[in-house]
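One-letter residues, chain by chain:
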Amino acid sequence: MKLFVYHTPEATPTDRLPDCAVVIDVLRATTTIATALFAGAEAVQAFSDLDDLFAVSESWPAEKRLRAGERGGEKVDGCDLGNSPLNCLPQVVTGKRLFLTTTNGTRALKRVEASPTVITAAQINRRSVVEYLQGAQPETVWFVGSGWQGDYSLEDTVCAGAIAAELWGNDVANVGNDEVLGAIALYQQWQSDLVGLLKLASHGQRLLRLEKEKDIVYCAQSDTIDVLPMQQSPGILVNHLKTTS
Ligand code: MLT
C-alpha cells in the first residue's frame, strides 16, 4: 500500500486516480458525515452545487430527507440544517437521507468520486479508517484534504498524518510523496493538543468568530465513533460497517 497526501482538491493529479481515495474535511464536512451515519442516517448525498441539491432532494419524500447547506461556515437559507455535526442527533437524522453541500468538503468528494473506492475520514472516526485500510490493503491511497477555497488547511493534513502515522508505523504502508512525511510530522507535533491546533487553524479562527467553539472541540476528538462512510454510487455515502455487518 502506497500513501499519498494532497493538501487540497486542486493539488490532486488530474491524469490518474487512486485505488482508494480518503477525503478529509475535519472542520467540518467529514466530521458531520461520520456523525450523521453513526447516528442512523440512511445515507449522505453530497453536492458541490446548491441548486443541484435542491433539485435532486425535491424528488425525495419530505419526511425522509434533510437538507444541510453551508457556505462560509454559516447555514444556507432554506436548508433544514447547516454543517454542524452537533445537530446530527439520532432523533434528527435516523432513517433520513442527508442532502449535504459545503464550501469545500463536498467539492473534494466530487474531485475523486470516480475512484474505485472513496471513503471519508475525520479525526473522530480515524480508527475505523485505519482498520479498513489495513484490512483492504488498496495499492494506492490518496488522502485528499478539502482545504479552504484552494488553500491548505492544517486540520485536514493533521488527520491524514494521524492515519498515515499508524499505517507507516505498523509497516503496512510505504510513503508515496513528501507530503505524507510532512503530515506525520505535523501530527506528531500536535497529537496531544489537537483542539489547540484546530483553534489556530484559519478555518478554526473563522468558526470561533462565528461562535462555534463547541464544534471545534467535538471535531478535534480522536477515535470516538466506529463508522466508515463509503461511497456507494457517485456522491452517495453509506456506513460500510453497517452494510457488511
Ligand atoms: C467546508 O466544506 O468548507 C466546511 O465543512 C466548512 C464548515 O462548515 O465548517
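See the structure above.
Everything numeric in this text was worked out from a predicted model, so none of it was measured.

Caption draft 1: Broad picture of the overall build of the protein. Within the protein, the regular secondary structure consists of eleven helices and eleven strands. On the principal axes, the C-alpha backbone points of the protein span a range of 50 × 40 × 35 Å. Looking at the 245 residues of the protein, the share that counts as buried comes to 56%. Taking the intrachain contacts of the protein between residues at least 6 apart in sequence as the baseline, contacts between residues at least 24 apart amount to 78%. Surface summary for the protein: the accessible area is close to 10,200 Å², and the carbon and sulfur share equals 48%.

Caption draft 2: Focus on the nonpolar core. Counting 39 residues, the largest nonpolar core has L3, V22, I119, L133, F143, I163 and L167 as the members making the most contacts within it. With sequence-adjacent residues up to four places away left out, F143 is seen in contact with L3, F4, V5, Y6, V22, I24, L133, A160, I163, A164 and L167. Membership of the second largest hydrophobic core comes to 31 residues, among which are I33, A34, L37 and W142.

Caption draft 3: Quick look at the pattern of salt bridges. One pass over the structure, following the stated rule, counts eleven salt bridges. One salt-bridge network, in which partners are shared between bridges, spans R126, R127, E131, E166 and D223.

Caption draft 4: Structural detail: the pairing of strand β10 (residues 229–233). Where β10 and strand β11 (residues 236–239) come together, four bridges link them in antiparallel fashion. In the strand pairing of β11, M230 is matched with V238. Here β10 hands over to β11 after two residues, with G235 in that stretch at a positive phi of 85°.

Caption draft 5: Representation of the site of the ligand. As a structural note, the neighbourhood of the ligand is formed by 13 residues, with N83, T102, N104, G105 and H203 the closest of them. Between N83 and the ligand, the recorded distance is 2.7 Å, taken from a side-chain N or O atom to an oxygen atom. At 3.4 Å, a backbone N or O of T103 approaches an oxygen atom of the ligand. Looking at side-chain class alone, the shell around the ligand contains four nonpolar, six polar and three charged residues.

Caption draft 6: Broad picture of the side chain of T101. With respect to the helices and strands, T101 occurs in strand β6 (residues 97–101). Using a relative accessible area of 0% as the deciding quantity, one classes T101 as buried. Polar contacts involving the side chain of T101 include one to the side chain of R71, which spans 2.8 Å. When sequence neighbours within four positions are dropped, the list of residues in contact with T101 reads F47, S48, D49, L50, L53, A68, G69, E70, R71 and T106.

Caption draft 7: Expanded view of helix α1 (residues 29–38). Of all ten residues making up α1, nine are buried, and the element is well covered by its neighbours. For α1, every residue scored as buried is listed here: A29, T30, T31, T32, I33, A34, T35, A36 and L37. Once α1 ends, the next one or two residues include G40, with phi positive near 115°.

Reading the values: rules and limits
In every chain, residue numbers begin from 1 and rise along the written sequence. Local features in this predicted model are restricted to residues of pLDDT 70 or higher, and side-chain atom pairs are both shown and tallied only at a pLDDT of 80 or more, whereas totals for entire chains, interfaces and linings draw on every residue. Hydrogens and water are ignored here; the side-chain numbers use all heavy atoms of the structure. Strands here mean DSSP runs of E at least two residues long; helices mean DSSP runs of H or I at least four residues long; both are numbered from the N terminus. The classification of residues rests on relative accessible area computed with a 1.4 Å probe and restricted to protein chains. Under 20% of the type maximum is buried, over 50% is exposed, and intermediate values are partly exposed. We call two residues in contact whenever any of their non-hydrogen atoms come within 4.5 Å of each other. All accessible-area figures derive from a Shrake-Rupley calculation using a 1.4 Å probe, and residue coverage is judged against the displayed protein chains alone. What makes a nonpolar core is a set of buried Ala, Val, Leu, Ile, Met, Phe, Trp, Tyr and Cys residues whose side-chain atoms join them at distances within 4.5 Å. Salt bridges are counted wherever a side-chain nitrogen of Lys or Arg sits within 4 Å of a carboxyl oxygen of Asp or Glu. Here a strand pair is declared whenever DSSP counts at least two bridges between the two strands. A single heavy atom is enough: if one lies within 4 Å of a molecule or strand, its residue is considered near that molecule or strand. Any pair of N or O atoms that falls within 3.5 Å is considered a polar contact. Within protein, one atom must be able to donate a hydrogen and the other to accept it, and sequence-neighbouring residues count only if both atoms are side-chain atoms. Only Asp, Glu, Lys and Arg are considered charged in this grouping, and only Ala, Val, Leu, Ile, Met, Phe, Trp, Tyr, Cys and Pro are considered nonpolar; every other residue, Gly among them, is considered polar.

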